[in-house]
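A closer look at the structure
Chain by chain, the residues:
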Amino acid sequence: MLAVVTRFAVATVVVVGLVVLRKRKLQRLQARIIYHRDKDLGRRFGLDVGGTLGKLVYLEKADAATELGDVHTFMLANTSYSKSSMRDADMALSLPGGQVHFVRFETSKLEGVVEFVRHRCFHRDIRAIPCTGGGAFKFSKLFEDHVGITLEKCDELACLIQGLGFVMRHVPDECYTFKNVALNHQGMGEATKTIVHTPTSELYPFLLVNIGSGVSILKVTSATEYSRVSGTSLGGGTYLGLCKLLSKYKSFDEAMVASIAGDSNAVDMTVGDIYGGNYTQFNLSADTLASSFGKMGTKYEPKSGVKDEDVARSLLIMITTNIGQVAYLSAQRSDTQRIYFCGNFLRQNEIASRQLAYAIDYWSKSKMQAQFFHHEGFFGALGALLTHNQDLL
Ligand SMILES: Nc1ncnc2c1ncn2[C@@H]1O[C@H](COP(=O)(O)OP(=O)(O)O)[C@@H](O)[C@H]1O
Ligand SMILES: CC(C)(COP(=O)(O)O)[C@@H](O)C(=O)NCCC(=O)O
């Protein structure tokens, strides 16, 4: 009898124990789901991983600033861990729903960034991140395997348009142009940088030229309608690649500084070099660029008397002049008067934007205008962020 009672008691304890344990496990599971739902920080990010640069934007909500404390730490640590110039603190946007921050890193360092996220365990709060650009495809396995984060693929041109529209609506002084484009072919002159406000009723259609590693050219007909009308493989990647190949400069920022001091006439052939003066019959003045790098072809020892900064300047003018001409021809073909230029090639690159403004004015005989943006390189990442933050729209 005692044995039966004992067995019954033990069985009861075991069953009750199992029920309690199961309940606790369920509670833990529920808590975990709620924790993740509340702390799914991935929805606060937008990522754009291109051929050369990764762009990350993140939203710091006004009502939940503390929750993002870790992520702020990550951003600060991560940006100093790559390069100080990668942080665009001054570009942060203050919106009614919170602050949007911008960070840039080299795509070649992406594995390091993933390792950093894993090391610091930030991935525990992030299940998925909306991501655009080729890297959304190329690196999705890397993110899954190393940190269990899913990259939600978003189309890069759709994100570009979405981000561009957002900035045009919410940032009053975002667009600028150069008035009185009295430049010469070297991008020198007195043209004044001027903020432009275009009413939405006059905005469409326009041409959007995105100068990233390569160049995509879109005709935009409304806030959501666009088509890709052209492209060229001679873009920002070409400039950076040739600079690294032909000069001592190892980074875009170094090349930018050097190109300010450089003299492209040491390298390029002008109409004057060929004609000894103007080519009056076709209204080509002596200082018109006739052949980029042309002088180098005529020298036995091309590098003698040429400085690295001249090479950097000449490359900049060569790439920009070509993009300007392709953009002009595309605008003509697409029947658009205004051409917007974006992409990180134009980041802190006033020589290039002035040169583009000049090229569009020159080719169109002042009928078309080039415009630029202060957040030129972040539209794709912003568009990705907006996929989960429609309330910001
Ligand atoms: N810090 C930088 N490092 C490398 N390239 C830069 C940097 N800043 C600007 N660039 C320029 O921006 C280009 C990449 O532009 P981006 O719009 O980010 O294109 P992608 O999405 O193809 O990477 C580079 O090819 C280079 O010309
Ligand atoms: C393939 C790309 C859309 C990728 O975008 P990116 O990373 O260069 O910003 C772009 O490089 C491009 O449009 N290249 C030119 C391709 C063409 O000849 O049309």
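Residues numbered from 1 in each chain as written. Chains lettered and ligands numbered in written order. Predicted model: local features only at pLDDT ≥ 70, side-chain atom pairs only at ≥ 80, totals over all residues. Heavy atoms only, no water.

Within an unreviewed UniProt entry, the label attached to the chain reads pantothenate kinase, and the organism entered is Achlya hypogyna. As stated in UniProt under Sequence similarities (unreviewed entry), the record for the chain gives "Belongs to the type II pantothenate kinase family." In the Catalytic activity (unreviewed entry) part of its UniProt record, the chain is described as follows: "(R)-pantothenate + ATP = (R)-4'-phosphopantothenate + ADP + H(+)". (UniProt positions renumbered as here; feature names shortened; annotations may be inferred.)

A word on the site of ligand 1
The environment of ligand 1 is made up of 17 residues, and the closest members are T52, L53, K55, S213 and R347. In this structure, S213 approaches ligand 1 through a side-chain N or O atom, which is 2.6 Å from an oxygen atom. One of the backbone nitrogen or oxygen atoms of F345 is found 3.3 Å away from an oxygen atom of ligand 1. Summarising the interface, the protein chains cover 92% of the accessible area of ligand 1, which totals 580 Å² for the free molecule. (Near = heavy atom within 4 Å. Polar contact = N/O pair within 3.5 Å; in protein donor to acceptor, adjacent residues only side chain to side chain. Areas by Shrake-Rupley, 256 points an atom, 1.4 Å probe, with all protein chains shown as cover.)

What to know about the layout of surface pockets
The space that makes up the largest pocket amounts to roughly 820 Å³. In terms of lining residues, the largest pocket is bounded by 43 residues, among which T52, L53, K55, S213 and N344 are the most central. Here the element with the most residues in the lining of the largest pocket is helix α8 (residues 236-246); it accounts for 4 residues. Tallied by class, residues from the lining of the largest pocket come to 12 nonpolar, 20 polar and 11 charged. Mapping the lining of the largest pocket onto the domain boundaries places at least three of its residues in each of domain 1 (35-161 + 381-392) and domain 2 (206-267 + 306-373). (1 Å grid on protein atoms, 1.4 Å probe; cavity = no way out; pocket = protein on both sides within 12 Å on 5 of 7 lines; lining within 4 Å. Points joined across faces, edges and corners; volume = space filled by probe spheres on them. Helix = DSSP H or I, 4+ residues; strand = E, 2+ residues; numbered from the N terminus. Nonpolar A, V, L, I, M, F, W, Y, C, P; charged D, E, K, R; others polar. Domains from an automatic or database assignment.)

Focus: the sheet that holds strand β4 (residues 98-106)
Taken together, 6 strands build an open sheet; the order of strands is β3-β4-β2-β1-β5-β6 and the sheet is mixed. Where the open sheet ends on each side, the last strands, each with one partner, are β3 (93-95) and β6 (150-153). Here the strands of the sheet are splayed against their neighbours by 25° on average, with no regard to which way each runs. Examined bridge by bridge, strand β1 (residues 45-49) and strand β2 (residues 53-61) share 5 bridges and lie antiparallel to one another. Residue pairing in the sheet places D48 in a bridge with K55 of β2. (Pairing = 2+ DSSP bridges. Axes fitted to C-alpha atoms, helices over the stretch in contact; angles between N-to-C directions.)

Brief notes about the domain arrangement of the chain
Taken domain by domain, the chain consists of domain 1 (35-161 + 381-392) and domain 2 (206-267 + 306-373). Taken together, the 12 residues of domain 1 in the interface contact 15 residues of domain 2. Together, the buried faces of domain 1 and domain 2 total about 1,000 Å²; carbon and sulfur atoms form 61% of this surface. The tally of links between domain 1 and domain 2 comes to 2 residue pairs in polar contact (both at pLDDT 80 or more). When contributions to the side of domain 1 that touches domain 2 are tallied by element, the ones reaching two or more residues are β2 and α6 (156-170). The greatest single-element share of the side of domain 1 that touches domain 2, amounting to 4 residues, is contributed by α6. Considering only residue class, the side of domain 1 that touches domain 2 consists of 5 nonpolar, 3 polar and 4 charged. (Contact = heavy atoms within 4.5 Å. Buried area = accessible area lost by both parts, 1.4 Å probe.)

Some thoughts on the nonpolar core
Ranked by internal contacts, the top residues of the largest apolar core, which has 45 residues, are V209, I211, Y239, I339, F341, F345 and F372. Sorting elements by how many residues they give to this core places helix α12 (residues 308-334) first, with 10 residues. In terms of nonpolar packing, the next biggest core, distinct from the first, is built from 30 residues, L59, L164, C175 and F378 among them. (Core = buried A, V, L, I, M, F, W, Y, C linked by side-chain atoms within 4.5 Å. Buried < 20%, exposed > 50% of the residue type's maximum accessible area, 1.4 Å probe, protein only.)

Thoughts on the site of ligand 2
Contacts to ligand 2 come from G51, E156, G212, S213, G214, V215, S216, R228, G231 and T232. A distance of 2.9 Å separates an oxygen atom of ligand 2 from a polar backbone atom of G214. Considered on its own, ligand 2 offers 460 Å² of accessible surface; in the complex 61% of this is hidden by protein. Applying the majority rule of atoms within 2 Å of the grid points places ligand 2 in the largest pocket. Of all elements in the fold, only β10 (215-220) and β11 (226-232) reach the threshold of two or more residues within the shell around ligand 2. Looking at the shell around ligand 2 residue by residue, the class counts come to 1 nonpolar, 7 polar and 2 charged. (Sits in = over half its atoms within 2 Å of the grid points.)

Examining the pairing of strand β5 (residues 128-132)
In terms of residue burial, β5 counts as a mostly covered element, since 5 of its 5 residues are buried. What you see with β5 is no split at all: A128, P130 and T132 on one side and I129 and C131 on the other are buried throughout. With 2 bridges joining them, β1 and β5 adopt parallel strand pairing. For D48, the partnering residue across the bridge sits in β5 and is T132. Where β5 lies against β6, 4 bridges are found, and the strand directions are parallel. The residue bridging A128 from the neighbouring strand is T150, located in β6.

A closer look at the sheet that holds β11
On the basis of which strands lie adjacent, the open sheet formed by 7 strands has the order β8-β7-β15-β14-β9-β10-β11 and mixed pairing. Only two strands of the sheet have a single neighbouring strand rather than two, namely β8 (192-195) and β11. The average undirected angle you get between the axes of adjacent strands in this sheet is 30°.

What about α12?
The terminal C-alpha atoms of α12 lie 39 Å apart, and with 27 residues this matches the ideal 39 Å at 1.5 Å per residue to within 8%. Once α12 finishes, D335 follows within two positions and takes phi at roughly 60°, a positive value. (Expected span 1.5 Å × (residues − 1).)

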